[in-house]
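Spelled out from the first residue to the last, the chains are:
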Amino acid sequence: NAGVTQTPKFQVLKTGQSMTLQCAQDMNHEYMSWYRQDPGMGLRLIHYSVGAGITDQGEVPNGYNVSRSTTEDFPLRLLSAAPSQTSVYFCASSAGGAGNTEAFFGQGTRLTVV
Amino acid sequence: GDSVTQMEGPVTLSEEAFLTINCTYTATGYPSLFWYVQYPGEGLQLLLKATKADDKGSNKGFEATYRKETTSFHLEKGSVQVSDSAVYFCALRSGGSNYKLTFGKGTLLTVNP
């Protein structure tokens, strides 16, 4: 039972490089989200999607793009990496319908921008 | 907007000690409340939840009661184990905002043998 799968687990980028963090879920969940986790800051929402073809910005969207062409996949793109984007990134998914539904998280991607 | 304030750590306890991690919230409407746990090197996983006032969520010996009058959802465990060492996050989803989880900053718990 795979759940939410994120790749890669670790990545080092140089300033200005671009890359895509992959996220896939096999639970047929409508809702998917990207968070970043920084020391002392908790988890902050970057972008989210309520279904295929629908995305919206979260709390800290600058420097990131997303798309949702299928229910299963929700990639996060860094267009031009900056040291401030050094963080641990988590993808999450949840079923729709009610505010009490559980969110399932991937194992995270640890990104370092030098 | 929605916000969650939880006790800042780190918290260090001896095995079998009593644990309380305080969590208070601000939200519009009637939120659902959650505690998530993050073990070292892993993603977050749901520990327990409560969806309406006076509900008690419980799992693995942990409990939290949804207190609307004090806007609180404190996490408790009567006797902690070394294996409970982790980061604990309080979170909420406000009514009608199904896709947005708002998190507290997390509390690192270390339990020593």
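The preceding data block contains the structure.
Residues numbered from 1 in each chain as written. Chains lettered and ligands numbered in written order. Predicted model: local features only at pLDDT ≥ 70, side-chain atom pairs only at ≥ 80, totals over all residues. Heavy atoms only, no water.

Remarks on the environment of S14 of chain B
Residue and element names in this part refer to chain B.
Next, step 1: For S14, the location among the structural elements is in strand β2 (residues 11-14).
Next, step 2: With relative accessibility at 47%, the residue S14 sits in the partly exposed group.
Next, step 3: C-alpha separation for the pair S14 and S79, spaced 65 residues apart in sequence, amounts to 9.4 Å.
Next, step 4: Other than its neighbours up to four places away in sequence, S14 contacts V80, V111 and N112. (Helix = DSSP H or I, 4+ residues; strand = E, 2+ residues; numbered from the N terminus. Buried < 20%, exposed > 50% of the residue type's maximum accessible area, 1.4 Å probe, protein only. Contact = heavy atoms within 4.5 Å.)

Brief notes about the interface of chain B and chain A
Next, step 1: Opposite the 20 residues of chain B that make contact, chain A presents 25 residues.
Next, step 2: At the junction of chain B and chain A, the tally comes to zero salt bridges.
Next, step 3: When the residues that make up the side of chain B that touches chain A are grouped by side-chain class, the tally is eight nonpolar, seven polar and five charged. (Salt bridge = Lys/Arg side-chain N within 4 Å of Asp/Glu carboxyl O. Nonpolar A, V, L, I, M, F, W, Y, C, P; charged D, E, K, R; others polar.)

Regarding the state of the cysteines
Next, step 1: A complete count under the given rule lists two disulfides over all chains for this structure.
Next, step 2: Each disulfide pairs two cysteine sulfurs, and for C23 of chain A the partner residue is C91 of chain A, the sulfurs being separated by 1.9 Å. Of note, the bridge from C23 of chain A to C91 of chain A carries an S-S torsion of about -75° and is left-handed in sense. Here C91 of chain A lies in strand β9 (residues 87-94) and C23 of chain A lies in strand β3 (residues 19-25), a separation of 68 residues in the sequence. Grouping residues by exposure puts C23 of chain A and C91 of chain A together as buried.
Next, step 3: Here C23 of chain B connects covalently by a disulfide to C90 of chain B, the sulfurs 1.9 Å from one another. Handedness of the C23 of chain B-C90 of chain B disulfide follows from its S-S torsion of about -70°: it is left-handed. Of this pair, C23 of chain B sits in strand β4 (residues 23-26) while C90 of chain B sits in strand β10 (residues 86-93), and the two are 67 residues apart along the sequence. (Disulfide = S-S within 2.5 Å.)

Considerations on the sheet that holds β3 of chain A
All names here are of chain A.
Next, step 1: On the basis of which strands lie adjacent, the open sheet formed by four strands has the order β1-β3-β8-β7 and antiparallel pairing. Single-partner strands in this sheet number two, and they are β1 (4-7) and β7 (64-66). Here the strands of the sheet are splayed against their neighbours by 20° on average, with no regard to which way each runs.
Next, step 2: Note: β1 against β3, four bridges, orientation antiparallel. (Pairing = 2+ DSSP bridges. Axes fitted to C-alpha atoms, helices over the stretch in contact; angles between N-to-C directions.)

A closer look at the packing of aromatic side chains
Next, step 1: Counted according to the given criterion, the structure contains 10 aromatic pairs over all chains.
Next, step 2: Summarising the aromatic geometry, the rings of Y25 of chain B and Y66 of chain B are spaced 6.2 Å apart at their centres and angled 80° between planes, so their arrangement reads as edge-to-face. On the criterion of sequence distance, the pair formed by Y25 of chain B in strand β4 and Y66 of chain B in the loop between β8 (62-65) and β9 (75-77) is long-range, its members being 41 residues apart. Of the two residues, Y25 of chain B and Y66 of chain B, neither departs from the other in class, the shared state being buried.
Next, step 3: Ring geometry for F62 of chain B and Y88 of chain B: centres 5.6 Å apart, planes at 40°, overall tilted. Placement of F62 of chain B in strand β8 and of Y88 of chain B in strand β10 is noted, with a sequence separation of 26 residues between them. Taken as a pair, F62 of chain B and Y88 of chain B share a single burial class, namely buried.
Next, step 4: A network of ring pairs unites the aromatic residues Y35 and F105 of chain A together with F34, Y36, F89 and F103 of chain B as a single cluster.
Next, step 5: When the ring centre of F74 of chain A is taken as reference, the NZ or CZ atom of R68 of chain A above it lies at 6.0 Å. (Phe/Tyr/Trp six-rings, centres within 6.5 Å; stacked < 30°, edge-to-face > 60°. Lys NZ or Arg CZ within 6 Å of the ring centre and 35° of its normal.)

Structural notes on the sheet that holds β8 of chain B
Residues and elements named next belong to chain B.
Next, step 1: A sheet is described by the order of its strands in space; here four strands give the open sequence β3-β9-β8-β7, paired in antiparallel fashion. Each end of this open sheet is capped by a strand with a single partner; those strands are β3 (19-21) and β7 (56-59). Within this sheet the neighbouring strands show an average axis-to-axis angle of 15°, counted without direction.
Next, step 2: Bridge analysis of β3 against β9 gives three bridges, and the strand direction is antiparallel. Following the sheet pairing, T20 is matched in β9 by E76.

Brief notes about the environment of R110 of chain A
All names here are of chain A.
Next, step 1: Along the polypeptide, R110 turns up in strand β11 (residues 109-113).
Next, step 2: As a C-alpha pair, R110 and T15 span 95 residues in sequence and 16 Å in three-dimensional space.
Next, step 3: Setting aside anything within four residues of it in sequence, one finds R110 in contact with K9, F10, Q11, S87 and V88.

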